[in-house]
Amino acid sequence: MRKWMLAMLLAAATARADAQSSWLTVDAAAYRLLDPAVPSARLHAAPASGAAGPAALLVEVPSADVARVARLLHKRLGHCGGFMAHADQASAQRSLAQGAAAPMAGLARPDYLIANQAKVTPLLSGMSAKNIARTIAGLSAFPDRFYTSPHGARASEWLRKDWAAVGARHGGVLVETFAHAGFPQASVLATIAGTDLADQVVVIGAHLDSINANAMDEPGQAPGADDDASGVAGLTEVLRVISDARYRPRRTIKLIAYAAEEVGLRGSQDLARAFRQAGIQVVGVLQLDMINYKGADKDIYLLRDYSSADQNAFLRKLIAAYLPGITVGSDSCGYACSDHASWHAEGYPASMPFESSLAQANPHIHSKNDTLASSGGQAVHALKFARLAAAFAIELGSSTP
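- An unreviewed UniProt entry annotates the protein chain as M20/M25/M40 family metallo-hydrolase originating from Massilia atriviolacea.

Written out as structure tokens, the structure is:
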């Protein structure tokens, strides 16, 4: 997708009806915290009497208070993302009413077969934890990668250059940025064009931004090594092995590092909405958000909510086929905890494998202590997820409709 096309999609996707208000959907726990901590927050969908409330609540806040809301939810609830920020009241109410859009008419359904072992196995064996750790170190060297920070904008450009250099070995990889309205951090996309099924797209994402919940409105260290330099580093290793092998998929593969995840999934919402409005057939979405801290007994936990049950079953098949000995659990966030929820809301099949159970997740995130050292100074755990992502990309990228 060329830059002029992205600009056209962005114009349609980021129109704001009222720049003074932001429309957020939050879970009941988040609303109980906001009321009365943020007096400016106005509830538009009240909890049912005598109940904890609906799965999601619609809240209007002044745009100037969104950072305060994000800081409060990250600090007090440990939420990653914590809420979804919508383009306007109408789209927020539509999301609240239907949860997820109806699948696009004529959306191709993958067969979810394991049929490309000869392509997948050599690529997985060539993947390296040291390479992943090197990228984590590079990204976490920025003082922060907050979406309004100059460091956050520079991190986008750093990654664009890195991906361009890696993709150049392929000869057919397009690396570009997607600018968002209202903040300087851009999302970064690497596209491996498909051959005979090029109009069908496989998306694998991670978020580029980081946050310090104790210092969002003032200088503060936010290295974000696990949350989520680890996911972006996993994408980088997928791009490296695909580029070195000069793999040409049947379907188009897009690797995306999203801006502004920590403040309402803004970057991924812009992109998912733009893809839907353009009628792009996204046949599968995988999110890598926090993949390098092994806090629980199992290796990979698949999130059940805001995800596709069929695609999650496919991930279990991929793990059994390509990652022998890796144990799998499941868990639920209970809220839109990362960028997969943006694609789910647009009706696309999405999944998120996570590094641990939610209760045993990395305690250092959203602070100055989220460093590579806090995950043992290596990326052995992250390598499991990068290999799963590569298998996902190649099996879906090579399979028949």
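### Re the sheet that holds strand 13 (residues 353-354)
Logical step 1: Reading across the sheet, the three strands line up as 11-10-13 and stay open at both edges, with mixed pairing between neighbours. A strand with exactly one partner marks an edge of an open sheet, and here the two such strands are strand 11 (328-331) and strand 13.
Logical step 2: The pairing of strand 10 (residues 300-303) with strand 11 spans four bridges and is classified as parallel. Paired with Ile-300 across the two strands is Val-328, which belongs to strand 11.
Logical step 3: Sitting on the sheet, helix 10 (residues 309-322) touches strand 10 and strand 11, and the angle it makes with strand 10 is about 165 degrees.

### What about the UniProt feature "binding site: Zn(2+) 1" (unreviewed entry) in the protein chain?
Logical step 1: Sites flagged by UniProt as "binding site: Zn(2+) 1" (unreviewed entry) map to His-207, Asp-227 and Asp-289. Their sequence span is 83 residues, while the largest C-alpha to C-alpha distance among them is just 8.1 Å; these annotated residues converge on one region.
Logical step 2: As for its placement among the helices and strands, His-207 is situated in strand 7 (residues 197-207).
Logical step 3: According to the relative accessible area criterion, His-207 is buried, its value standing at 0%.
Logical step 4: Here the side chain of His-207 touches Asp-227 through a polar contact of 2.9 Å, side chain to side chain.
Logical step 5: Looking at the secondary structure, you find Asp-227 in helix 8 (residues 225-245).
Logical step 6: Within the structure, Asp-227 has its side chain in polar contact with the side chain of His-366 (distance 3.0 Å).

### A few points about the environment of Lys-384
Logical step 1: Topologically, Lys-384 is positioned in helix 12 (residues 380-398).
Logical step 2: Residue Lys-384 is classed as buried on the basis of its relative accessible area of 16%.
Logical step 3: Placed 92 residues apart in sequence, Lys-384 and Asn-292 show a C-alpha to C-alpha distance of 9.1 Å.
Logical step 4: Residues in contact with Lys-384, not counting those within four places in the same chain, are Lys-294, Asp-299, Leu-323 and Ile-326.

### Here's the deal with the packing of aromatic side chains
Logical step 1: Under the criterion given, the structure shown has seven aromatic pairs.
Logical step 2: Both rings, one in Tyr-112 and one in Phe-314, keep their centres 5.0 Å apart while their planes meet at 35 degrees; by these two values the pair is tilted. Placement of Tyr-112 in the loop between helix 4 (89-98) and helix 5 (117-125) and of Phe-314 in helix 10 is noted, with a sequence separation of 202 residues between them. Here Tyr-112 and Phe-314 have matching classes, each one buried.

### Some details on the pattern of salt bridges
Logical step 1: Evaluated as defined, the whole model comprises nine salt bridges.
Logical step 2: A salt bridge links Asp-310 to Arg-109; its shortest N-O distance comes to 2.8 Å. Of this pair, Asp-310 sits in helix 10 while Arg-109 sits in the loop between helix 4 and helix 5, and the two are 201 residues apart along the sequence.
Logical step 3: For Arg-109, a relative accessible area of 54% puts it in the exposed group.
Logical step 4: The salt bridge involving Arg-273 is made with Asp-270; its shortest N-O contact spans 3.5 Å. Taken together, the residues Arg-273 and Asp-270, both in helix 9 (residues 266-277) and three residues apart, mark about one turn of the helix.
Logical step 5: Under the relative-accessibility criterion, Arg-273 is labelled buried at 11%.
Logical step 6: With relative accessibility at 2%, the residue Asp-270 sits in the buried group.
Logical step 7: Residues participating in the shared-partner salt-bridge network are Arg-169, Glu-237, Arg-240 and Asp-244.

### Details of the sheet that holds strand 12 (residues 350-351)
Logical step 1: Strand order across the open sheet formed by six strands is 5-6-8-7-9-12, with mixed pairing between neighbours. Each edge of the open sheet carries a strand with a single partner, namely strand 5 (173-178) and strand 12.
Logical step 2: As judged from the two bridges shared by strand 9 (residues 281-287) and strand 12, these two strands associate in the parallel manner. Looking at strand 12, one finds that Val-285 is bridged to Ala-350.
Logical step 3: Packed onto the sheet, helix 12 meets strand 7, strand 8 (251-258) and strand 9 and runs at close to 170 degrees relative to strand 7.

### Things to note about the state of the cysteines
Logical step 1: Going through the model one piece at a time under the given rule, you end up with one disulfide.
Logical step 2: One disulfide in the model links Cys-333 with Cys-337; its S-S distance is 2.1 Å. For the disulfide bridge between Cys-333 and Cys-337, the dihedral angle about the S-S bond is near 95 degrees, and by the sign convention the bridge is right-handed. Just as Cys-333 is buried, Cys-337 falls in that class too.

### Let's talk about helix 5
One turn of the α-helix equals 3.6 residues, which is why residues spaced by three or four share an orientation.
Logical step 1: Among the residues making up helix 5, those that are buried are Val-120, Leu-123 and Leu-124. Buried residues of helix 5 fall within an arc of 100 degrees about the axis and therefore sit on the same side. Across from the buried face of helix 5, at angles greater than 90 degrees, the exposed residues are Ala-118 and Ser-125.
Logical step 2: On its buried side, helix 5 packs onto helix 8, helix 10 and helix 12.

Quick notes on the rules
- Residues numbered from 1 in each chain as written.
- Predicted model: local features only at pLDDT ≥ 70, side-chain atom pairs only at ≥ 80, totals over all residues.
- Heavy atoms only, no water.
- Pairing = 2+ DSSP bridges.
- Helix = DSSP H or I, 4+ residues; strand = E, 2+ residues; numbered from the N terminus.
- Contact = heavy atoms within 4.5 Å.
- Axes fitted to C-alpha atoms, helices over the stretch in contact; angles between N-to-C directions.
- UniProt positions renumbered as here; feature names shortened; annotations may be inferred.
- Buried < 20%, exposed > 50% of the residue type's maximum accessible area, 1.4 Å probe, protein only.
- Polar contact = N/O pair within 3.5 Å; in protein donor to acceptor, adjacent residues only side chain to side chain.
- Phe/Tyr/Trp six-rings, centres within 6.5 Å; stacked < 30°, edge-to-face > 60°.
- Salt bridge = Lys/Arg side-chain N within 4 Å of Asp/Glu carboxyl O.
- Disulfide = S-S within 2.5 Å.
- Arc of directions from axis to C-beta.

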